[in-house]
Amino acid sequence: MSIVMSWIKDKKIFYILFINVFVFLFLWLIAELVSFFTNPFNKESFRITCNYDWVMYNYCPNAIDVKKNTDKDGGNFVYTYTNDIGQRVKNPSAKYASNPDYVFVGDSFVQAEEMDFSETFYGRLSNAGFQVSAIGYSSWNVIEYREAINKLAHENTNYHVFLMPNDITPAYYRSVYKEKLTSPVRRIDTKDVSLKDKVLRIYDNSLAKKLLDLANVQSKKTEVATLKPIGTNLFENKHVMDCKPLLELDESQKQSLGFDYAVFSKHHSCWSQLHVDAVNQAVEELELLFNDVKKLNSTLRIYMIPPGWAFVNQNTGGRKGNSYYFFDDMTRVTTEPLSMYLAERLPDIDFISLESLISKWMIECTNCKDLFYYPDDGHWTPETHRRIADYLEHSLIQ
């Protein structure tokens, strides 16, 4: 009798346990389904970056990219849509003018994945009635700018190319100098990902994966090596002839990406042969780009985009506290000597440094901290795009 009662008791416990597990799994499945249909990342295309025979890489054709900005950068979700050549467009059905009056080409500053299309300077110009086209992608350099122009091949128009010092700095893996060392072949690869990769993507966006990641973060906290930030005014425009501050940087700083910016804040007489060679290679590519634009019976204007550390209190998260850059919030590292050297080497090209323009905005504003550059991401904010659009609107009309 006692054996029977024990069996019945064990069976009840099993049933209770089974029901609880079943209810838990059912509720978890409901939660996963709700998460799946409400998670913005599940609206993203399975492949975002593709390879082409006309450019090394770009957005995939007809893709949807979803980005969530960091909390310091606003924490908002941004949707990016592309057309059949991977060019960012306003929405999936939007098209650029077949014969635009102005074409804007650049890297991630033109890509502007941190904000809606309508907030970009070219989106604003389009809304203002200008016939524009724009194309840009993260870490493109002058070689890709030229390839993009040849792909678009708009004739009788005005090309506006936005340079960034990273296009030139020899330490950056995507600079002209680095690309010419490897000469990567252009091959088209726009295939969709495999079913396995699609399943893995869905799992990566699941609640279960988030819980596991949270547990791993708590158990595997690793310290990241950071560079000692410098607080000095010796890399400002008034000290361009003083080469000594470059020698006073420590070895870890000299091996970082930030060192190239320090070098290019000085007159070219302070540059090493490596830095001179890197700039001259970029000049050669810009001359080729200029000639291609002339073949299209079009005009060219080039802008140099300064980084956030060309000003105080901009990009306050990304300019320090990492293994790449070492600039205190109050340190200014000018790009003007680099811009002047390029302008002198390219006298036939209309060359504009945007550092002086943004410097005027800095003088005029109050509460300027991270107003023009995102604190973490380091790219232009919607406020900067708005002002660039106003600047261009007036300069284009003239």
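As shown above, the structure is provided for reference.
Residues numbered from 1 in each chain as written. Predicted model: local features only at pLDDT ≥ 70, side-chain atom pairs only at ≥ 80, totals over all residues. Heavy atoms only, no water.

Q: Report on the packing of aromatic side chains, specifying residues and quantitative values.
A: The final tally for this structure, using the stated rule, is 27 aromatic pairs. Measuring from centroid to centroid gives 5.4 Å for F41 and F77, while their planes differ by 70°, and the two rings are edge-to-face. Of this pair, F41 sits in the loop between α1 (2-38) and β1 (49-50) while F77 sits in strand β4 (residues 77-82); the two residues are 36 residues apart in sequence, bridging distant segments of the chain. Looking at F41, the relative accessible area reads 26%, which means it is partly exposed. Aromatic side chains F162 and W380 sit 6.5 Å apart centroid to centroid with 90° between the ring planes, which places their arrangement in the edge-to-face category. Pair noted here: F162 is in strand β8 (residues 158-163) and W380 is in the loop between α13 (355-364) and α14 (382-397), with a separation of 218 residues, a long-range link. W380 carries the same exposure label as F162, and that label is buried. Taken together, the ring pairs in this structure connect Y96, F104, F109, F117, F121, Y122, F162, Y303 and W380 into an aromatic cluster. The ring of F77 has K68 sitting right over it, with the charged end atom 5.8 Å from the ring centre. (Phe/Tyr/Trp six-rings, centres within 6.5 Å; stacked < 30°, edge-to-face > 60°. Helix = DSSP H or I, 4+ residues; strand = E, 2+ residues; numbered from the N terminus. Buried < 20%, exposed > 50% of the residue type's maximum accessible area, 1.4 Å probe, protein only. Lys NZ or Arg CZ within 6 Å of the ring centre and 35° of its normal.)

Q: Residue-level account of the side chain of N69, with values.
A: Relative to the helices and strands, N69 is located in the loop between β3 (64-68) and β4. Side chain to side chain, N69 and N76 meet in a polar contact 2.9 Å long. At a separation of 3.0 Å, a polar atom in the side chain of N69 contacts the main-chain carbonyl oxygen of E114. Leaving out residues up to four positions away in the same chain, N69 has contacts with G75, N76, V78 and E114. (Polar contact = N/O pair within 3.5 Å; in protein donor to acceptor, adjacent residues only side chain to side chain. Contact = heavy atoms within 4.5 Å.)

Q: Give a description of unusual backbone geometry that names residues and reports values.
A: The phi dihedral of N156 falls on the positive side, at around 55°, and the residue is not glycine. In this fold, N156 is placed in the loop between α4 (142-152) and β8. Since its relative accessible area comes to 54%, N156 is described here as exposed.

Q: How would you explain the sheet that holds strand β5 (residues 88-89) if you had to name every residue and give the values?
A: Strands pair in a sheet through their backbones, by hydrogen bonds, and they do so in one of two ways: parallel or antiparallel. Taken in spatial order, the three strands line up as β3-β4-β5 in an open sheet, and their pairing is antiparallel. Of all the strands in the sheet, the pair left with one neighbour each is β3 and β5. The pairing of β3 with β4 spans five bridges and is antiparallel. Note that in β4 the partner of D65 across the bridge is T80. (Pairing = 2+ DSSP bridges.)

Q: I'd love a proper account of the state of the cysteines, names of residues and values included.
A: By definition, a disulfide links the sulfur atoms of two cysteine residues through a covalent bond. Overall, the coordinates contain three disulfides when judged by the stated rule. Residue C243 pairs covalently with C270 via a disulfide, S to S 1.8 Å. Here the disulfide of C243 and C270 is left-handed, its torsion about the S-S bond being about -70°. Here the residue C243 occupies a position in the loop between α7 (207-219) and α8 (244-247), and C270 occupies one in the loop between α10 (257-264) and α11 (273-295), the gap between them amounting to 27 residues. Of the residues examined, C270 reaches a relative accessible area of 13% and is grouped as buried. Residue pairing for C365: its cysteine sulfur links by disulfide to C368, the two sulfurs lying 1.6 Å apart. One quick way to see it: the torsion about the S-S bond of C365 and C368 is about 135°, and its sign makes the bridge right-handed. Assigned by exposure class, C365 and C368 land together as buried. Within the protein, bonded cysteines paired by disulfides and numbered along the sequence follow the pattern 1-2, 3-4, 5-6. (Disulfide = S-S within 2.5 Å.)

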